[in-house]
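# Topology and contacts: notes
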Amino acid sequence: MKVSDRTYFTLKRLHSLTGVVPVGLFLLEHLFTNARALQGPEAFDQAAADLARLPFVVLIEAFGIWLPILFHMVLGILIATTAQANVGKHGYARNWQYLLQRASGILLVFYLLYHTWALRFAGGYLTSSSPYQYVNEHLANPAVMAFYVLGTLAACYHFGNGLFGFAIHWGIATGRGAQNAAARLGLLVFLALSALGLAALLGFRGLRLDFLQKPHAQEHGTVVLSGASR
Amino acid sequence: MARKTIALRIKRQDSPTSRSRWEEFSLPWQANMNVVSCLMEIRKHPVTRDGHATTPVHWEASCLEEVCGSCTMLVNGKPRQSCTALIDSLGDGPVTLEPLTKFPVVRDLQVDRSPMFDALKRVKAWIPIDGSYDLGPGPRLSPAEQEVSYAFSRCMTCGCCMEVCPQYNDKSDFMGPAPIAQVRLFNSHPTGRMNARERLEEIMGKGGLVDCGNAQLCVEACPKDIPLTEAFGELGRQTTLLWLQQLFGR
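Residues numbered from 1 in each chain as written. Chains lettered and ligands numbered in written order. Predicted model: local features only at pLDDT ≥ 70, side-chain atom pairs only at ≥ 80, totals over all residues. Heavy atoms only, no water.

## Describing the confidence of the model for chain A
Regions with low pLDDT should not have their predicted coordinates read in detail. Note the following rule: Each residue carries a pLDDT value, the predictor's own confidence for that position, ranging from 0 to 100. Between two residues, a contact is recorded if the distance between any of their heavy atoms is within 4.5 Å.
Overall, the prediction assigns chain A a mean pLDDT of 92, with 93% of residues at 70 or greater. Note that pLDDT drops below 50 for residues 220-230 of chain A; the model gives that stretch eight contacts with residues more than four away or on any other chain.

And the structure:
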């Protein structure tokens, strides 16, 4: 396919942009919603039901999530095929970051195909009486759990380190100091999101974390104050 | 105690199309030898370590003081200028010499670096000053601008950055780090700036700056410490602004 220089530039910039908005933004939302599992089945089921009841939810899914991910994925695969990795010869940190960005991207293609098939398109999840219970059983298989851990780490890395590339591509970080700061910020985002994502996965298998709750925590979307604690 | 001999392993290739082979040489050690002087010694007496007569090793060199870039080759696997590769700083093991891998081999250690020169033509890495009459002196540069420009003007198109760049290869159209950094140099010159837009448009297309993958090896490999990655950030900003201008200002 022959594209003009300006179209090529626009496609590459859109690839960079979609990685942050909306795909990166969706990753944040997704992991936070998953983290409701740490508060128990009722909390997660309620969160899932609330999302499903969003107005125009199918349009939001199609144009805010699937289409941008598909676009980012296709262009990303094309970009990855132009790389000639050489960390064996030149093992600098940035070169590893470069390789891992591509490797995590390719892994995510397979992971997302499996993940969306298993928990969206295969049907069982959407019609289940308790989404929490459905995910709980889905993750009971150690091989599936291992794939989810890997997929979560890959997604968090790809987003975190992607911010570093984003900052340079768009000319936000131009100096060496700013670029180093962007790389550190990317690493921090990777670590923080990974902790959140992995905790949420364990939440589906029974881990409960509520020590950072405010005393007026709401349950079931209706105002039920736990008056006894006051 | 000074060593007695220097062992060299050299990758030989008779012509652009012939197959490569390794040859080993052993030379008497002399004080202050560099890779170039070793190759000159071999030329005087082209006999391999096991006594077979061979052809003199072919290589390219010009300035012998690391400003022309022509003697660049892989010394123990790292791209660098052979004139400043001092033997005593390379350790006691055999010294391995190979031609750069990202450019077509002409013969032995000489490669054809014209893809890099073609890229310089693509980005118009020059300042047009010719007119049909005397144009007078150009505008002056502030010392601060001179400082920045000087760093980029040190580029000798040696090809080290191209050699290490994982995005510069047969599968990709990427023009490589060196020519793009020259856009930064010529676009900051008061007269060169008049063609800034043409240069930016050239690196916005396929093979241009947009194909950089931020592995940032170029800046590690550059023997002249050129802040290549800073140029890419700066040009990223300039191309972004030009793109927005074209998108919303048409």
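## Quick look at unusual backbone geometry
The condition that has to hold: Think of it this way: any DSSP run of H or I at least four residues long counts as a helix, any run of E at least two long counts as a strand, and we number them from the N terminus. When a residue's accessible area, from a 1.4 Å probe over protein chains only, is under 20% of the maximum for its type it is buried; when over 50% it is exposed; and in between it is partly exposed.
Following V21(A), the chain continues into P22(A) via a peptide bond in cis, with omega recorded as 5°. Within the fold, P22(A) resides in the loop between α1 (5-20) and α2 (23-34). The backbone of N214(B) sits at a positive phi, close to 60°, despite the residue not being glycine. Its place among the elements puts N214(B) in the loop between α6 (196-204) and α7 (217-221). Overall, N214(B) belongs to the buried group, its relative accessible area being 7%. For D225(B), which is not glycine, the phi torsion reads 50° and is therefore positive. Relative to the assigned elements, D225(B) resides in the loop between α7 and α8 (228-248). Overall, D225(B) belongs to the exposed group, its relative accessible area being 60%.

## Thoughts on α1(A)
For the record, the criterion: By this rule the span expected of a helix is its residue count minus one, scaled by 1.5 Å.
For α1(A), built from 16 residues, the straight-helix expectation of 22 Å at 1.5 Å per residue is met to within 8% by its first-to-last C-alpha distance of 23 Å. If you check which residues of α1(A) are buried, you get Y8(A), F9(A), T10(A), K12(A), R13(A), H15(A), S16(A), T18(A), G19(A) and V20(A). Where α1(A) is buried, its residues meet α2, α4 (57-80) and α8 (142-169) of chain A together with α6 and α8 of chain B.

## Details of the pattern of salt bridges
Residue and element names in this part refer to chain B. To be explicit about the condition: Any carboxyl oxygen of Asp or Glu that lies within 4 Å of a side-chain nitrogen of Lys or Arg is treated as forming a salt bridge with it.
Overall, the coordinates contain 17 salt bridges over all chains when judged by the stated rule. R21 is the partner of E23 in a salt bridge, and the nearest nitrogen-oxygen pair spans 3.2 Å. Residue R21 is classed as partly exposed on the basis of its relative accessible area, which comes to 29%. We note a salt bridge from E24 to R49, for which the minimum N-O separation is 3.7 Å. One end of the pair, E24, is in strand β2 (residues 21-28); the other, R49, is in the loop between α1 (35-44) and β3 (72-75), with 25 residues separating them in the sequence. Taken together, the shared-partner salt bridges connect R12, D14, R21, E23 and D108 into one network.

## Points about the interface of chain B and chain A
Quoted interface sizes are often the accessible area lost when the parts come together. Applicable threshold: Two parts placed together each lose some accessible area; with a 1.4 Å probe, that loss summed over both constitutes the buried area. Whenever a nitrogen or oxygen atom comes within 3.5 Å of another N or O atom, the pair is scored as a polar contact, on the condition that within protein one atom can donate a hydrogen and the other can accept it, and that pairs from neighbouring residues in sequence are kept only if both atoms are in side chains.
Every contact between the two is made by 38 residues of chain B and, on the other side, 31 residues of chain A. For the pairing of chain B and chain A, the buried interface totals around 3,200 Å² over both sides, and the portion due to carbon and sulfur atoms is 51%. Taken as a group, V210(B), N214(B) and W243(B) account for 18% of the area that chain B buries against chain A, more than any other trio of residues on that side. For the pair chain B and chain A, the number of links is one salt bridge. Here K12(A) and D211(B) are joined by a salt bridge, their closest N and O atoms 2.6 Å apart. Scanning the region where chain B abuts chain A turns up 19 residue pairs in polar contact (both at pLDDT 80 or more).

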